[in-house]
Amino acid sequence: MTTTPDTIVIRNGTVIDGSGAPARRNDAIVVAGNRIKHIGALPPDVALDDRRNVAVIDAAGQWIMPGLIDAHCHVSYGYPVIKGEGKGRGTTRPEFSTLKAAHSVQRVLRSGVTGISVPGGTWFTDVGVRDAIKLGLMEGPRMYVAGRMIVTYGCIEDDEPSWEGTPDHSIGKLCNTADEMVTEVRRQGKHGVNFIKMADSRSGESQMLAKEEIAAVVAEAHRRNLRVGIHSRGAGSTRAAAEAGVDWIIHADLATDRDLEAVAKAGMPIIPTATFLAMVVELGAKVGAAQVQLDINRMKRHFEALCQLMHKARKLGIKLLVGTDTGNNTFMRYGEIHAKELEIFVKYGGYAPLEAITAATRDNACAIGLQGQVGELAPGKLADLIVLDRDPLADITVLQGGKHLTHVIKDGKLVDLAPREEMLTFREAAE
Ligand SMILES: [Zn+2]
């Protein structure tokens, strides 16, 4: 791990502060410990020549902004399939899964993503990886994690026949009554999750969680200071989730105008997650639909619905967060596509580049439980920031894959970007 002097001063450069304010030329950003101390003219008490205690970065001709946050990134889905193990998606054994997750999150951080929200995985792998980063065992982004998704019969991630149920290695956890759900909330809370992930049907074709069940989970989770996120593509489930008071809704693509009005009234954000759909469609065009093993036409329809949702949300005043579903499949590679959602917001959702950046920084902070503390460059905020050699406001795609990063600072520490090339070219030994 890189050791850095206690104070970092970034001289010059153009600041995009994440608040939505226009970009501006800046003289100095002073980071002291893990917080931003000052932005503006260089304060007289900073000794730039004290090289032992002060690191100086010259960002002349560069752009400085908050570290990106991916509000939807999985790190412990069970792949690749390893010889001698079962073929189910979650069967990869936890020892291997943990090491893979530990490796993956470093690629995430080195692509300029300093925070991720992890809505579901296998075992309590994500809790372990989060804690290892927190305790300084390794570098990685801030992680805010759920456990296995709470599902009923027929929901997404209930993939085995009923006589098998959801085995311990699954991503889903069957709970067919509100009581069972509450027990699972308590169990996951005991093991240290930050939020509970519920999940309705895979494609939204029918509603599979009752409003009362969602409300029971929300009440128990909130009592224990846990948040609740829900996978909901459907109309009924989105409305029920809104009325039950979940903290955020993932997808919501099939919601009707009336359902969206219920979301607007309840005031929670939506994480559309169009990136996964875009990746499936792109991959299908490249390698052929049969290879992808996913219904590409259906994915296209969902993608178009999400683009419409982006426009509708603006009219209704619904906040949208920026998430990608990185890690949910072998082709959703760590460190490569976390900023693709911003491109989609701009290209198809009617967002200005500055608005997309604000959504992926200041607004996304709530998906990692740090609303008002990260995602903005201002005195007193936690020091998560990135420096780029190209202007993301002129071309939002320069944020993708970390290719234009010159520096990443997370929690006041400079991240060594040297291993990045090697890590980014790593390929999953899948299939
Ligand atoms: Zn997901």
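Starting afresh in each chain, residues are numbered from 1 along the sequence in its written order. Whole-chain, interface and lining totals are the exception, using all residues; otherwise, since this is a predicted model, local features are given only for residues with pLDDT of at least 70 and side-chain atom pairs are given and counted only at 80 or more. Just so you know, side-chain values use all the structure's heavy atoms and leave hydrogens and water out.

A. Looking closely at the coordination of the zinc ion. Protein coordination at the zinc ion: the donors are His72 (NE2), His74 (NE2) and Asp325 (OD), at 2.0 to 2.3 Å from the metal. Donor atoms (N, O, S) are those found within 2.8 Å of the metal centre, with the cutoff raised to 3.2 Å for Na, K and Ca; water is not part of the atom list, so apparent gaps in a site can occur. In primary-sequence terms, the residues that donate to the zinc ion follow H-x1-H-x250-D. Like His72, the residue His74 is buried in the burial classification. Each residue is placed in one exposure class: buried if its accessible area under a 1.4 Å probe, protein chains only, is under 20% of its type's maximum, exposed if it is over 50%, and partly exposed if it falls in between.

B. Quick peek at helix 6 (residues 257–266). Along helix 6, the residues classified as buried are Asp259, Leu260, Ala262 and Val263. Buried residues along helix 6 cover an arc of 150 degrees about the axis, so they all sit on one side. In helix 6, the exposed positions that point more than 90 degrees away from the buried face belong to Arg258 and Lys265. Where helix 6 is buried, its residues contact helix 5 (235–244), strand 15 (248–251), strand 16 (270–271) and helix 9 (296–316). Phi turns positive one or two residues past the end of helix 6, at Gly267, with a value near 90 degrees. Helical segments are the DSSP runs of H or I of at least four residues, strand segments are the runs of E of at least two, and each set is numbered from the N terminus. Working definition: the arc comes from the directions between the helix axis and the C-beta atoms, pointing outward to the latter. Contacts are assigned to residue pairs with any non-hydrogen atoms lying within 4.5 Å of each other.

C. A look at the packing of helix 10 (residues 340–348) against helix 11 (residues 353–360). Working convention: axes come from line fits to C-alpha atoms, limited for helices to the stretch in contact. Angles between N-to-C directions cover 0 to 180 degrees. Remark: helix 10 packs on helix 11, axes separated minimally by 9 Å, with the N-to-C direction vectors making an angle of 140 degrees. As the angle between them shows, helix 10 and helix 11 are arranged oblique. The crossing of helix 10 and helix 11 is right-handed. Across from Leu342, Phe345 and Val346 in helix 10, the residues of helix 11 making contact are Pro353, Ala356, Ile357 and Ala360. Residue composition of the contact of helix 10 with helix 11, by class: 7 nonpolar, no polar and no charged. The scheme is simple: roughly parallel for angles under 35 degrees, roughly antiparallel for over 145, roughly perpendicular for 65 to 115, oblique for anything else. Handedness of a crossing is defined here by the sense of rotation of the near helix relative to the far one, left-handed for an anticlockwise turn of less than a right angle and right-handed for a clockwise turn. Each residue receives one of three labels: charged for Asp, Glu, Lys and Arg, nonpolar for Ala, Val, Leu, Ile, Met, Phe, Trp, Tyr, Cys and Pro, and polar for the others, Gly being one of them.

D. Structural view of the sheet that holds strand 10 (residues 142–145). Two strands are said to pair when DSSP picks up at least two bridges between them. Overall, parallel pairing links the 3 strands, which are arranged 8-9-10 in an open sheet. Every interior strand has two partners, whereas the edge strands, strand 8 (68–70) and strand 10, have only one. Within the sheet, the average angular offset between the axes of one strand and its neighbour, ignoring direction, is 15 degrees. When strand 9 (residues 113–118) meets strand 10, the two strands line up parallel, connected through 4 bridges.

E. Looking closely at the pattern of salt bridges. The salt bridge definition used is simple: a Lys or Arg side-chain nitrogen within 4 Å of an Asp or Glu carboxyl oxygen. One pass over the full model with this rule turns up 22 salt bridges. Two residues, Asp384 and Arg142, come together in a salt bridge whose shortest N-O distance is 2.6 Å. Within this pair, whereas Asp384 is found in the loop between helix 11 and strand 17 (385–388), its partner Arg142 is found in strand 10, the two being separated by 242 residues in sequence. Residue Arg202 pairs with Asp159 through a salt bridge whose shortest N-O separation is 3.4 Å. You can see Arg202 sitting in the loop between strand 13 (195–199) and helix 4 (211–223) and its partner Asp159 sitting in the loop between strand 11 (149–151) and strand 12 (172–174), a full 43 residues away along the chain. Of the residues examined, Arg202 reaches a relative accessible area of 36% and is grouped as partly exposed. Residues participating in the shared-partner salt-bridge network are Arg186, Glu220, Arg223 and Arg224.

F. Local environment of the sheet that holds strand 6 (residues 54–58). One open sheet accounts for 4 strands, arranged 5-4-1-6; its pairing is mixed. Two strands close off the open sheet at either side, each with one partner strand: strand 5 (35–40) and strand 6. Strand after strand, the sheet turns through a mean of 15 degrees between neighbouring axes, direction not considered. Sheet analysis places strand 1 (residues 7–11) next to strand 4 (residues 28–32), joined by 5 bridges and oriented antiparallel. In the sheet register, Val9 faces strand 4, and the bridge partner there is Val30.

G. Spatial organisation of the domain arrangement of the protein. Where a domain begins and ends is set by an automatic assignment or by a domain database. Structurally, the protein comprises domain 1 (7–67 + 376–418) and domain 2 (68–338). Placing a centre on the C-alpha atoms of domain 1 and another on those of domain 2 gives a separation of 31 Å. If you look at the interface, domain 1 gives 19 residues, while domain 2 gives 14 residues. By buried area we mean how much accessible surface two parts lose on assembly, using a 1.4 Å probe and totalling the loss over both. Taken together, both faces of the contact between domain 1 and domain 2 bury some 1,200 Å²; the carbon and sulfur share is 56%. The largest contributions to the domain 1 side of the interface with domain 2 come from Gly67, Lys410 and Val415, which together make up 37% of the buried area. When the shortest N-O distance is used, the salt bridge between Arg142 and Asp411 registers 2.9 Å. Any pair of nitrogen or oxygen atoms within 3.5 Å is treated as a polar contact; in protein, a donor-acceptor pairing is required on top of that, and neighbouring residues in sequence qualify only through side-chain atoms on both sides. Here domain 1 and domain 2 share 5 residue pairs in polar contact (both at pLDDT 80 or more) between them. Elements with a minimum of two residues in the side of domain 1 that touches domain 2: strand 7 (63–66) and strand 18 (405–410). With 4 residues, the top contributor of residues to the side of domain 1 that touches domain 2 is strand 18. When the residues that make up the side of domain 1 that touches domain 2 are grouped by side-chain class, the tally is 11 nonpolar, 4 polar and 4 charged.

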